[in-house]
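Read off the chains here:
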Amino acid sequence: MLGIVFTSLIDMLEEKVSPEFADDVIMEAGLENDGAYTAVGYYPFEQMQRLLGVLVEKTGKSANELLYDFGYYLFGKLGAVHRDVLASTEGMLDMLEHLDGDIHVQVKKLYPDADLPRFTVISRTDNTMRLQYYSERELYPLAEGLMDAAAAHYNCTLERETHQLDRPHTYEFSISLV
C-alpha cells in the first residue's frame, strides 16, 4: 500500500485527535516498522488492517465508518499532491471518469508497485454516473469518502448508492449530482 496513505492516516489522527493518540495507535498495532512511514514508500496492507483494528477498538466506530472518514480526509492530501491532475478535470464526474485512464496512470508513474483499485464507467450522463469499483482490499467505504470529498472540492452535491455485485470484491456506485 502506498506510503502516502499511511502518512495521511497518521496526519489525520494527529490533527483530528492528538499526536499522542496517533502514537498510541501505532504502538498498540505492534508494527514491525514502529509506524515509520514515508510518503514515497510502499508498505504491506496488513499494517493498515492492524491500524484500523486498533482504531475500531479505541473509537467504537465501525471499520467502514473509519474508512469513510479517512477517505474524506485523504482526498485533501491527494488533491494537494496531484493538484495539476485535478485542475485538468472539468468537474466531479469528469474526474471520476478519468481515474483509471489518467489519474491512476500518473500515480503509477510515481509509485510503480502501487496496487490501485480499478474504476470502470458503466454509463454517464451530464449529472449521473454508474461506476464499477474493484479492489481485493474491500475499501469501498474509503472510495465513498474520497467521492464525497471530491464533490465538496468541486462545489457540488452528490447522491450515491452503493451495491455489492455478485463478482467478488466488486461494487457499483450509482452517482447523481443534485
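It should be emphasised that the depicted structure is a prediction, and the values quoted were computed from it without experimental measurement. (Residues numbered from 1 in each chain as written. Predicted model: local features only at pLDDT ≥ 70, side-chain atom pairs only at ≥ 80, totals over all residues. Heavy atoms only, no water.)

Peer 1: It is not clear to me how the environment of His98 should be interpreted in this structure. Could you clarify?
Peer 2: By secondary structure assignment, the location of His98 is in the loop between helix H6 (92-97) and helix H7 (99-110). His98 sits 62 residues away from Arg160 along the chain, and the two C-alpha atoms are 18 Å apart. (Helix = DSSP H or I, 4+ residues; strand = E, 2+ residues; numbered from the N terminus.)

Peer 1: Just checking my understanding: could you explain helix H2 (residues 19-29) for this structure?
Peer 2: Two residues of an α-helix separated by three or four positions point the same way, owing to the 3.6 residues in each turn. Among all positions of H2, only Phe21, Ala22, Val25, Ile26 and Ala29 are buried. Buried residues along H2 cover an arc of 135° about the axis, so they all sit on one side. For H2, the exposed residues lying more than 90 degrees away from the buried face are Glu20 and Met27. Looking at the buried residues of H2, the elements they touch are helix H1 (3-16) and helix H3 (45-59). Count one or two residues on from H2 and you reach Gly30, which has phi positive near 60°. (Buried < 20%, exposed > 50% of the residue type's maximum accessible area, 1.4 Å probe, protein only. Arc of directions from axis to C-beta. Contact = heavy atoms within 4.5 Å.)

Peer 1: So what exactly am I meant to see when it comes to the packing of H1 against helix H4 (residues 63-81) here?
Peer 2: Helices that pack against each other are described as a pair by the angle of their axes relative to one another and the distance between those axes. Remark: H1 packs on H4, axes separated minimally by 10 Å, with the N-to-C direction vectors making an angle of 115°. Crossing handedness for the pair H1 and H4: right-handed. Residue-level contacts link Ile4, Val5, Ser8, Leu9, Asp11, Met12, Glu15 and Lys16 of H1 to Asp69, Phe70, Tyr73, Leu74, Lys77, Leu78 and Val81 of H4. In terms of residue class, the contact of H1 with H4 is made up of nine nonpolar, one polar and five charged. (Axes fitted to C-alpha atoms, helices over the stretch in contact; angles between N-to-C directions. Left-handed = near helix turned anticlockwise from the far one by under 90°. Nonpolar A, V, L, I, M, F, W, Y, C, P; charged D, E, K, R; others polar.)

Peer 1: Any chance you could explain the side chain of Thr170 here in plain terms?
Peer 2: Mapped onto the elements, Thr170 comes out in strand E4 (residues 170-177). Residue Thr170 is classed as buried on the basis of its relative accessible area, which comes to 3%. Only 3.0 Å separates the side chain of Thr170 from the backbone oxygen of Pro168, close enough to count as a polar contact. Apart from the residues within four sequence positions on either side, Thr170 is in contact with Gln132, Tyr133, Tyr134, His163, Gln164 and Leu165. (Polar contact = N/O pair within 3.5 Å; in protein donor to acceptor, adjacent residues only side chain to side chain.)

Peer 1: Help me understand the pairing of strand E2 (residues 128-134) in this model?
Peer 2: Note on strand geometry: in a regular strand, side chains alternate between the two faces of the sheet. Pairing of strand E1 (residues 118-124) with E2, which is carried by six bridges, proceeds in the antiparallel orientation. Looking at the pairing, Ser123 lines up with Arg130 of E2. In sequence, E1 turns back onto E2 through a hairpin of three residues. Summarising the sheet, E2 and E4 pair through seven bridges and their orientation is antiparallel. The residue bridging Tyr133 from the neighbouring strand is Tyr171, located in E4. (Pairing = 2+ DSSP bridges.)

Peer 1: Would you mind going over H1 with me for this structure?
Peer 2: Helix length check: H1, at 14 residues, gives a terminal C-alpha distance of 20 Å against a target of 20 Å (1.5 Å per residue), a fit within 8%. Among the 14 residues of H1, 10 are classified as buried, and the element is accordingly described as predominantly covered. Taken together, the buried positions of H1 are occupied by Gly3, Ile4, Val5, Phe6, Thr7, Ser8, Leu9, Ile10, Met12 and Leu13. Where H1 is buried, its residues contact H2, H3 and H4. (Expected span 1.5 Å × (residues − 1).)

Peer 1: Teacher, can you tell me more about the nonpolar core here?
Peer 2: Nonpolar side chains tend toward joint burial in soluble globular proteins. Residues Leu51, Met92, Met95, Leu96 and Phe173 are the most contacted members of the largest nonpolar core, which totals 55 residues. Taken together, domain 1 (3-60) and domain 2 (92-177) each give at least three residues to this core, which thus spans both. For Leu51, the contacting residues outside a window of four places in its chain are Phe6, Leu9, Val25, Ile26, Ala29, Leu31 and Tyr37. (Core = buried A, V, L, I, M, F, W, Y, C linked by side-chain atoms within 4.5 Å. Domains from an automatic or database assignment.)

Peer 1: Just checking my understanding: could you explain the domain arrangement of the protein for this structure?
Peer 2: Frequently, the measure chosen for interface size is the accessible area removed from exposure when the parts meet. What the domain assignment reports for the protein is domain 1 (3-60) and domain 2 (92-177). Of note, the centres of domain 1 and domain 2, computed from C-alpha atoms alone, are 24 Å apart. If you look at the interface, domain 1 gives five residues, while domain 2 gives six residues. Counting each side, the surface lost to burial between domain 1 and domain 2 is near 490 Å², with a carbon and sulfur contribution of 66%. The tally of links between domain 1 and domain 2 comes to zero salt bridges. Our count for the domain 1 to domain 2 interface comes out at zero residue pairs in polar contact (both at pLDDT 80 or more). (Buried area = accessible area lost by both parts, 1.4 Å probe. Salt bridge = Lys/Arg side-chain N within 4 Å of Asp/Glu carboxyl O.)

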